[in-house]
Protein chains: 2
Amino acid sequence: MAIKVFGAQLSTATLRVRAALAEKDLDYEFVNVDMAAKEHKKPEFLSRNPFGQVPAFEDGDLKLFGMNPYRCEMISDFAIESRAITQYIAHAYADKGNDLIIKDTKKMAILSVWMEVESQKFEPAGSKLIYQLCLNPMWGLPVDEAVVAENEAKLSEVLDIYEKRLSESKYLGGDGFTLADLHHLPVVKYLLGTKVKKLFDARPHVSAWASEILSRPAWIKTTTS
Amino acid sequence: MAIKVFGAQLSTATLRVRAALAEKDLDYEFVNVDMAAKEHKKPEFLSRNPFGQVPAFEDGDLKLFGMNPYRCEMISDFAIESRAITQYIAHAYADKGNDLIIKDTKKMAILSVWMEVESQKFEPAGSKLIYQLCLNPMWGLPVDEAVVAENEAKLSEVLDIYEKRLSESKYLGGDGFTLADLHHLPVVKYLLGTKVKKLFDARPHVSAWASEILSRPAWIKTTTS
């Protein structure tokens with residue numbers, strides 16, 4: 001099999017890559033990186049990703065990697081960023097499965113702005129909330145209510161802008177589902193299992209959009225396989 | 001004139017956009033946003049960028065905006081992120097000026113990974129050093145030596161990976177100068193005016209690369225006009 005994803009089951013960046021492959025109806029091999037055994041810091045993995053963070057990606061002779069931004073110290077072995085990989089999948093397999101990008105240069109530029117909003121605004125606030133509200137309790141660590149309040153306020157600001165955007169456009173990137181929506185899936189899924197769900201429920205367009213993208217067959221396949 | 005850039009003279013994101021326009025040999029109108037007068041928080045500018053951060057960009061009927069990632073609290077009115085704008089310029093004006101992207105899908109994917117390294121690794125460490133070493137002294141604010149030491153260590157890690165990459169590839173993105181290099185220009189230029197220059201000087205391939213990209217006519221034109 002030509003395509004391989006080296007990652008971790010719960011990693012949001014790994015999930016993004018797998019969701020894109022599922023939308024494109026592509027077969028691939030998932031290689032679980034044993035992070036407890038520090039496999040991601042050994043030479044074989046470092047040759048795939050010099051930063052030693054999952055996921056890494058292979059398509060024949062092409063090797064790509066995701067990475068963790070320096071803002072996310074807590075989870076420094078998990079990549080957050082995997083947009084180069086999903087964009088490669090969307091471009092290289094443009095004729096397979098569902099379209100995830102737009103050919104028109106101007107429309108694609110607008111889609112790119114909304115991918116950046118996800119990466120720079122939605123994801124940083126969202127992933128901090130996931131740590132506080134999902135992972136810290138699971139790991140027996142205390143919840144920092146000040147961090148929760150700060151990031152609820154940031155997420156509210158972003159969701160207000162999404163509510164306006166989604167009242168004018170069916171999806172964030174334009175008329176159809178694209179990478180700009182797909183990149184949100186892992187964090188939206190985690191957040192809706194927390195008290196932060198109220199921020200989505202309070203915004204009808206955001207709430208309908210979240211329900212719709214989470215019910216896509218490719219996402220259901222990704223999270224249940 | 002069809003293309004307009006709404007920004008601030010010293011903003012790194014504004015400089016990136018102007019550098020891309022100069023490489024493409026495109027004429028544009030630069031509109032200085034009076035941030036002291038909070039012009040970027042007024043309705044006219046908010047209609048261009050709902051986050052109220054510079055730069056914004058216009059090409060005929062197309063409007064794009066940059067944004068500030070939530071990790072950079074100090075400078076919340078300045079966008080750091082402007083890659084959607086530079087990528088639009090590179091794609092929409094592919095036949096003008098110097099090539100900044102690569103047509104081959106696999107080579108373009110590798111270029112995209114290095115754009116992400118800049119955005120997620122180089123820029124966060126680099127911009128914190130610029131604040132501590134350039135702007136705080138200028139503003140009469142104290143320098144936090146712990147922040148300096150932490151980000152020097154991060155920048156060193158990134159530059160080690162660059163040194164290896166640049167020993168195998170003339171430029172970060174591939175054989176030719178591309179957006180992956182161009183996006184570094186503003187931060188590299190600022191850093192070389194500080195004590196952090198030693199981190200560049202200690203790495204021969206990084207040092208040669210930095211000298212070369214800073215001496216490109218389009219960059220000189222951008223910083224002197």
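- Chain A is annotated in an unreviewed UniProt entry as glutathione transferase from Centaurea solstitialis.
- Database annotation for chain A, UniProt heading Sequence similarities (unreviewed entry): "Belongs to the GST superfamily. Phi family."

Observations concerning the overall build of chain A
Line of reasoning, step 1. A tally of helices and strands in chain A yields ten helices and four strands.
Line of reasoning, step 2. Starting at the N terminus and walking to the C terminus, you meet the elements of chain A as β-α-β-α-β-β-α-α-α-α-α-α-α-α.
Line of reasoning, step 3. The C-alpha atoms of chain A give a radius of gyration of 17 Å, which matches the 17 Å a tight globule of 225 residues would have.
Line of reasoning, step 4. Counting all 225 residues of chain A, 59% fall into the buried class.
Line of reasoning, step 5. For chain A, long-range pairs separated by at least 24 residues make up 66% of all intrachain contacts whose partners lie at least 6 apart in sequence.
Line of reasoning, step 6. Positive and negative charge centroids in chain A, built from 28 and 31 side chains respectively, lie 1 Å apart.

Re the UniProt feature "domain: GST C-terminal" (unreviewed entry) in chain A
Line of reasoning, step 1. What UniProt calls "domain: GST C-terminal" (unreviewed entry) maps, in this numbering, to residues 104–225 of chain A.
Line of reasoning, step 2. Secondary structure within residues 104–225 of chain A divides into 76% helix and 0% strand; the distance between the first and last C-alpha atoms comes to 34 Å.

Focus on unusual backbone geometry
Line of reasoning, step 1. Cis geometry marks the peptide bond from A:Val54 to A:Pro55, where omega comes out at 5°.
Line of reasoning, step 2. Within the chain, B:Asp25 stands out as a residue other than glycine whose phi angle is a positive 55°.
Line of reasoning, step 3. Its location among the elements puts B:Asp25 in the loop between helix H1 (12–23) and strand S2 (29–32).
Line of reasoning, step 4. By relative accessible area, which is 53% here, B:Asp25 ends up exposed.
Line of reasoning, step 5. Although it is not a glycine, B:Lys38 adopts a positive phi angle of roughly 60°.
Line of reasoning, step 6. The residue B:Lys38 is located in the loop between S2 and helix H2 (43–46) in this model.
Line of reasoning, step 7. When its relative accessible area of 46% is taken as the criterion, B:Lys38 is described as partly exposed.

Side note on the relation of the copies chain A and chain B
Line of reasoning, step 1. For the match of chain A to chain B, the screw axis carries a shift of 0.0 Å, the RMSD comes to 0.0 Å, and the turn is 180°. Seen this way, the second copy is the image of the first under a two-fold rotation axis.
Line of reasoning, step 2. Comparing interface residues between copies, 100% of those in chain A also lie at the interface in chain B; the contact surface is shared.

Regarding helix H4 (residues 105–139) of chain B
Two residues of an α-helix separated by three or four positions point the same way, owing to the 3.6 residues in each turn.
All names here are of chain B.
Line of reasoning, step 1. In H4, a bend of some 45° at Phe122 exceeds every other bend along the element, and Pro124, a proline, comes one to four places later.
Line of reasoning, step 2. Where H4 starts, the residue carrying a side-chain oxygen 3.2 Å from the main-chain nitrogen of Lys106 turns out to be Asp104.
Line of reasoning, step 3. Gly140, located one to two residues past H4, shows a positive phi value of around 75°.

What to know about the packing of helix H1 (residues 12–23) of chain A against helix H3 (residues 83–92) of chain A
All names here are of chain A.
Line of reasoning, step 1. Taken N-terminus to C-terminus, the directions of H1 and H3 make an angle of 5°; their axes are 9 Å apart at the nearest point. Between H1 and H3, the angle is such that the two are roughly parallel. The residues of H3 that touch H1, namely those facing Arg16, Val17, Ala20 and Leu21, are Ile85, Thr86 and Ile89.
Line of reasoning, step 2. When its residues are assigned to classes, the contact of H1 with H3 shows five nonpolar, one polar and one charged.

Some points on the pairing of strand S2 (residues 29–32) of chain A
Side chains on a regular strand alternate between the two faces of the sheet.
Line of reasoning, step 1. Note: strand S1 (residues 3–7) of chain A against S2(A), four bridges, orientation parallel. Across the sheet, the residue bridging to A:Gly7 is A:Asn32, located in S2(A).

Examining the interface of chain A and chain B
Buried accessible area, meaning the area lost when the parts come together, often serves as the stated size of an interface.
Line of reasoning, step 1. Chain A puts 38 residues into the contact, and the matching count from chain B is 38 residues.
Line of reasoning, step 2. In this assembly, chain A packs against chain B so that about 3,700 Å² is buried in total across both faces, 67% of it on carbon and sulfur atoms.
Line of reasoning, step 3. Between A:Lys106 and B:Asp61 there is a salt bridge; the shortest N-O distance is 3.1 Å.
Line of reasoning, step 4. For the side of chain A that touches chain B, the secondary structure elements donating two or more residues are strand S4 (62–65), H3, helix H4 (105–138) and helix H5 (145–168) of chain A.
Line of reasoning, step 5. If you tally residues by element for the side of chain A that touches chain B, the top one is H4(A), at 13 residues.
Line of reasoning, step 6. Residues belonging to the side of chain A that touches chain B are distributed by class as follows: 19 nonpolar, eight polar and eleven charged.

Details of the environment of B:Tyr88
Line of reasoning, step 1. Of note, B:Tyr88 is situated in helix H3 (residues 83–92).
Line of reasoning, step 2. Its relative accessible area of 4% is what places B:Tyr88 among the buried residues.
Line of reasoning, step 3. With 68 residues separating them along the chain, B:Tyr88 and B:Ala20 place their C-alpha atoms 9.9 Å apart.
Line of reasoning, step 4. When near neighbours in sequence (up to four residues on either side) are disregarded, B:Tyr88 contacts A:Thr105, A:Lys106, A:Ala109, B:Phe57, B:Asp59, B:Leu62, B:Leu64 and B:Tyr93.
Line of reasoning, step 5. Side-chain polar atoms of B:Tyr88 contact the side chain of B:Asp59, separated by 2.7 Å.

A word on the sheet that holds strand S1 (residues 3–7) of chain B
Residue and element names in this part refer to chain B.
Line of reasoning, step 1. What the four strands build is an open sheet, ordered S2-S1-S3-S4; its pairing is mixed. Single-partner strands in this sheet number two, and they are S2 and strand S4 (62–65). Averaged over all neighbouring strand pairs, the angle between strand axes comes to 15°, with direction disregarded.
Line of reasoning, step 2. Pairing geometry for S1 and strand S3 (residues 56–59), over four bridges, is antiparallel. Paired with Lys4 across the strands is Glu58, a residue of S3.

Overview of the packing of H1(B) against helix H10 (residues 217–224) of chain B
Residue and element names in this part refer to chain B.
Line of reasoning, step 1. With their axes 8 Å apart at the nearest point, H1 and H10 run at an angle of 130° to one another. What the angle tells us is that H1 and H10 run oblique. H10 is crossed by H1, and the crossing has right-handed handedness. Contacts from Leu15, Arg18, Ala19, Ala22 and Glu23 in H1 reach Ala218, Trp219 and Thr222 in H10.
Line of reasoning, step 2. The class makeup of the residues in the contact of H1 with H10 is five nonpolar, one polar and two charged.

Analysis parameters
Counting from 1, residues in each chain are numbered in the order their sequence is written. A letter from A marks each chain and a number from 1 marks each ligand, given out in the order of writing. Restriction of local features to residues with pLDDT of at least 70 applies here, the model being predicted, together with a cutoff of 80 or more for giving and counting side-chain atom pairs; totals for whole chains, interfaces and linings are based on all residues. By convention in this description, side-chain values take in all heavy atoms of the structure and omit both hydrogens and water. UniProt positions are given in the numbering used here, feature names are shortened, and annotations may be inferred rather than shown by experiment. Numbered from the N terminus, helices here are DSSP runs of H or I no shorter than four residues, and strands are runs of E no shorter than two. The reference for a compact globule is 2.2 Å times residues^0.38; the radius of gyration itself is calculated from the C-alpha atoms. Each residue gets one of three labels from its accessible area relative to the maximum for its type: buried under 20%, exposed over 50%, partly exposed in between, using a 1.4 Å probe on protein chains only. The contact definition used throughout considers only heavy atoms, calling two residues in contact when any of these lie within 4.5 Å. Neither His nor the chain ends is counted toward charge; the positive residues are Lys and Arg and the negative residues Asp and Glu. Every charge is mapped onto a representative atom, which is NZ of Lys, CZ of Arg, CG of Asp or CD of Glu. A least-squares superposition brings the copies together, and it is based on the C-alpha atoms of residues with pLDDT no lower than 70 in both. Fitting axes to the seven residues that end at a residue and to the seven that start at it, the angle between those axes gives the bend at that residue. Two N or O atoms form a polar contact when they lie within 3.5 Å of each other; inside protein one atom must be a possible hydrogen donor and the other a possible acceptor, and for residues adjacent in sequence the pair counts only when both atoms belong to side chains. Here an axis means a line fitted to C-alpha atoms, over the contact stretch when the element is a helix, while the angle between two N-to-C directions is reported on a 0 to 180 degree scale. Should an angle lie under 35 degrees it is considered roughly parallel, over 145 roughly antiparallel, and from 65 to 115 roughly perpendicular; all remaining angles are considered oblique. When residues are grouped by polarity, Ala, Val, Leu, Ile, Met, Phe, Trp, Tyr, Cys and Pro land in nonpolar, Asp, Glu, Lys and Arg in charged, and all others, Gly among them, in polar. DSSP bridges decide pairing: two strands pair if at least two such bridges lie between them. When two components associate, each loses some accessible surface as probed by a 1.4 Å sphere; the sum of these losses over both components is called the buried area. Any Lys or Arg side-chain nitrogen located within 4 Å of an Asp or Glu carboxyl oxygen qualifies as a salt bridge. Here a crossing is called left-handed whenever its near helix is offset anticlockwise from the far helix by less than a right angle, and right-handed whenever the offset is clockwise.

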